[in-house]
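Structure assessment
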Amino acid sequence: MKIAIIVNLTKPKAIVCAAQICTLMQEGGAEVLMPPDCAEYFPNSGAGFAVSVEQLFENADMAITVGGDGTIIHAAKFAACTNTPLIGVNVGRLGFAADVETDEIGDLKKLISGNYYAERRLLLDVEVHKPGSVRHFLAVNDAVVTHGTLSKIVDFTLTLNGEEISRYRADGLLFSTPTGSTAYSLSAGGPILSPKMECILMTPVCPHSLFSRSVLFDVDSELGVTVKIPPGCGCVLSIDGETNINIAEKDTVTVRRSERQLVLMSVRKRNFYRKLNEKLKERELR
């Protein structure tokens with residue numbers, strides 16, 4: 001079995017934890033693979049180092065991330081392209097998407113014996129149509145169209161399957177997967193959804209209306225957004241908070257279900273709402 005380990009190298013605790021996991025997996029008879037940028041941090045680990053992250057996931061049977069939710073989200077896009085099961089070890093603050101805490105890494109041995117649970121998560125295909133070009137992006141948590149650096153209210157037009165259904169004056173429109181309902185959408189006042197649900201959640205960000213609320217769309221919906229931007233202002237599409245694209249008035253952003261899915265592993269049966277409540281209590285204490 002080949003197991004990829006992806007590490008947030010900006011966190012010293014993650015580097016220490018990853019070294020322990022590497023030893024644990026090798027003791028269980030697994031071959032450990034790591035991204036090329038890990039080579040200088042783990043020179044005597046016995047791990048193999050891929051030429052690229054793409055090659056890493058192509059060769060791995062499963063993957064472990066060591067970091068926070070951002071590390072999981074970044075790795076998830078590669079994992080989804082190769083259908084590689086993924087599990088996260090949390091060394092960040094809350095780690096909503098992570099399954100294992102640092103004091104539980106011994107449980108990762110269950111991956112080698114096949115004693116784990118797996119579930120598929122819905123992802124979003126975000127299409128940006130500009131005059132003369134079309135680009136596609138994969139979103140694990142969310143995609144948000146929002147005003148640029150100047151805080152001016154933007155007019156948004158929302159379409160469903162090509163038909164206009166609503167207009168909003170707001171700071172932005174946020175489109176979330178059920179997995180992403182506990183991320184930016186939650187902060188924007190959106191509902192919490194079970195990650196097993198199949199739907200697309202749209203939440204207006206700071207709408208200029210008392211009656212603009214989150215809306216759930218069925219999973220086969222195709223949602224389109226166009227903008228009317230105030231003079232001197234700009235608009236930005238942000239994918240999972242890590243990819244930003246400038247949006248002009250002639251552009252159209254389309255959000256739909258992706259053909260790809262993310263497979264997330266768990267080493268024990270967990271109640272999502274109980275785990276969520278524990279994480280939210282931790283947030284209040286920090």
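1. Thoughts on the overall build of the chain
Along its length, the chain carries 6 helices and 18 strands. Taking 286 residues into account, the globule formula puts the C-alpha radius of gyration at 19 Å, and the chain, at 20 Å, falls close to it. The principal-axis extents of the C-alpha atoms in the chain amount to approximately 60 × 40 × 35 Å. Counting the 286 residues in the chain, one finds 50% classified as buried. In the chain, once contacts between residues fewer than 6 apart in sequence are set aside, the share between residues at least 24 apart is 67%. Charge-centre separation for the chain: the mean point of 30 positive side chains lies 4 Å from the mean point of 33 negative side chains.

2. A look at the pattern of salt bridges
If you walk through the whole model with that rule in mind, you get 15 salt bridges. Among the ionic pairs, Arg-256 bridges to Asp-125, the shortest N-O distance being 2.9 Å. Remark: Asp-125 occurs in strand E7 (residues 117-130) and Arg-256 occurs in strand E18 (residues 252-266); sequence separation between them is 131 residues. Accessibility classification places Arg-256 together with Asp-125 in one group, the buried group. A salt bridge links Glu-127 to Arg-256; the shortest N-O distance between them is 3.4 Å. Remark: Arg-256 occurs in strand E18 and Glu-127 occurs in strand E7; sequence separation between them is 129 residues. Judged by relative accessible area, which is 14%, Glu-127 ranks as buried. Each of Asp-99, Glu-104, Asp-107, Arg-268 and Arg-270 takes part in one network of salt bridges that share partners.

3. Description of helix H3 (residues 69-82)
When the terminal C-alpha atoms of H3 are compared, their 20 Å separation across 14 residues agrees well with the 20 Å that a helix rising 1.5 Å per residue should span. Along H3, the helix axis deviates most sharply at Ala-76, where the bend reaches about 30°. For H3, the set of buried residues is Thr-71, Ile-72, Ile-73, Ala-75, Ala-76, Lys-77, Ala-79 and Ala-80. Within two residues after H3, Asn-83 carries a phi angle of roughly 60°, on the positive side.

4. Some points on the packing of aromatic side chains
Here the distance between the centres and the angle between the planes together describe a pair of aromatic rings. Scanning all chains against the criterion turns up 2 aromatic pairs. Measuring from centroid to centroid gives 6.0 Å for Phe-57 and Phe-78, while their planes differ by 15°, and the two rings are stacked. Pair noted here: Phe-57 is in helix H2 (residues 53-59) and Phe-78 is in helix H3, with a separation of 21 residues, a long-range link. Phe-57 gets classed as buried once you look at its relative accessible area, which sits at 1%.

5. Concerning the nonpolar core
Counting 31 residues, the largest nonpolar core has Val-126, Phe-156, Phe-175, Val-227 and Leu-237 as the members making the most contacts within it. Of the residues forming this core, the biggest block, 4 residues, is contributed by E7. Core analysis: the second largest hydrophobic core is formed by 30 residues, Phe-42, Val-91, Leu-111 and Val-267 among them.

6. Details of the side chain of Asp-99
When you line up the elements, Asp-99 lands in the loop between strand E5 (86-90) and strand E6 (100-101). Separated by 2.7 Å, the side chains of Asp-99 and Ser-266 make a polar contact. With near-sequence residues (within four places) excluded, Asp-99 lies in contact with Ile-87, Gly-88, Glu-104, Met-265, Ser-266, Val-267, Arg-270 and Lys-275.

7. What to know about the sheet that holds strand E16 (residues 235-239)
With respect to topology, 6 strands assemble into an open sheet ordered E14-E13-E12-E9-E16-E17, the strand pairing being antiparallel. What marks the edges here is a single partner per strand, and that holds for strand E14 (215-218) and strand E17 (243-247). Sheet twist, expressed as the average angle between the axes of neighbouring strands with direction ignored, equals 20°. Bridge count for E16 against E17 is 5 bridges, and the pairing is antiparallel. Its bridge partner lying in E17, Ile-239 is registered against Thr-243.

8. Some remarks on the side chain of Ser-194
With respect to the helices, strands and loops of the structure, Ser-194 is situated in the loop between helix H5 (184-187) and strand E13 (199-205). Those residues in contact with Ser-194, other than ones at most four positions away along the chain, are Pro-178, Phe-272 and Tyr-273.

9. Things to note about unusual backbone geometry
Note on backbone geometry: most residues besides glycine have negative phi, and most peptide bonds are trans. Of note, the phi angle at Asn-161 is positive, near 55°, even though the residue is not glycine. Among the structural elements, Asn-161 can be located in the loop between strand E10 (154-160) and strand E11 (163-170). With relative accessibility at 52%, the residue Asn-161 sits in the exposed group. Even without being a glycine, Asp-240 presents a positive backbone phi close to 55°. By secondary structure assignment, the location of Asp-240 is in the loop between E16 and E17.

Calculation rules
- Residues numbered from 1 in each chain as written.
- Predicted model: local features only at pLDDT ≥ 70, side-chain atom pairs only at ≥ 80, totals over all residues.
- Heavy atoms only, no water.
- Helix = DSSP H or I, 4+ residues; strand = E, 2+ residues; numbered from the N terminus.
- Rg over C-alpha atoms; globule rule 2.2 N^0.38 Å.
- Buried < 20%, exposed > 50% of the residue type's maximum accessible area, 1.4 Å probe, protein only.
- Contact = heavy atoms within 4.5 Å.
- Lys, Arg positive; Asp, Glu negative; His and termini not counted.
- Charge placed at Lys NZ, Arg CZ, Asp CG, Glu CD.
- Salt bridge = Lys/Arg side-chain N within 4 Å of Asp/Glu carboxyl O.
- Expected span 1.5 Å × (residues − 1).
- Bend = angle between axes of the 7 residues up to and from the residue.
- Phe/Tyr/Trp six-rings, centres within 6.5 Å; stacked < 30°, edge-to-face > 60°.
- Core = buried A, V, L, I, M, F, W, Y, C linked by side-chain atoms within 4.5 Å.
- Polar contact = N/O pair within 3.5 Å; in protein donor to acceptor, adjacent residues only side chain to side chain.
- Pairing = 2+ DSSP bridges.
- Axes fitted to C-alpha atoms, helices over the stretch in contact; angles between N-to-C directions.

Spatial relationships are all this shows, so hold off on functional conclusions.
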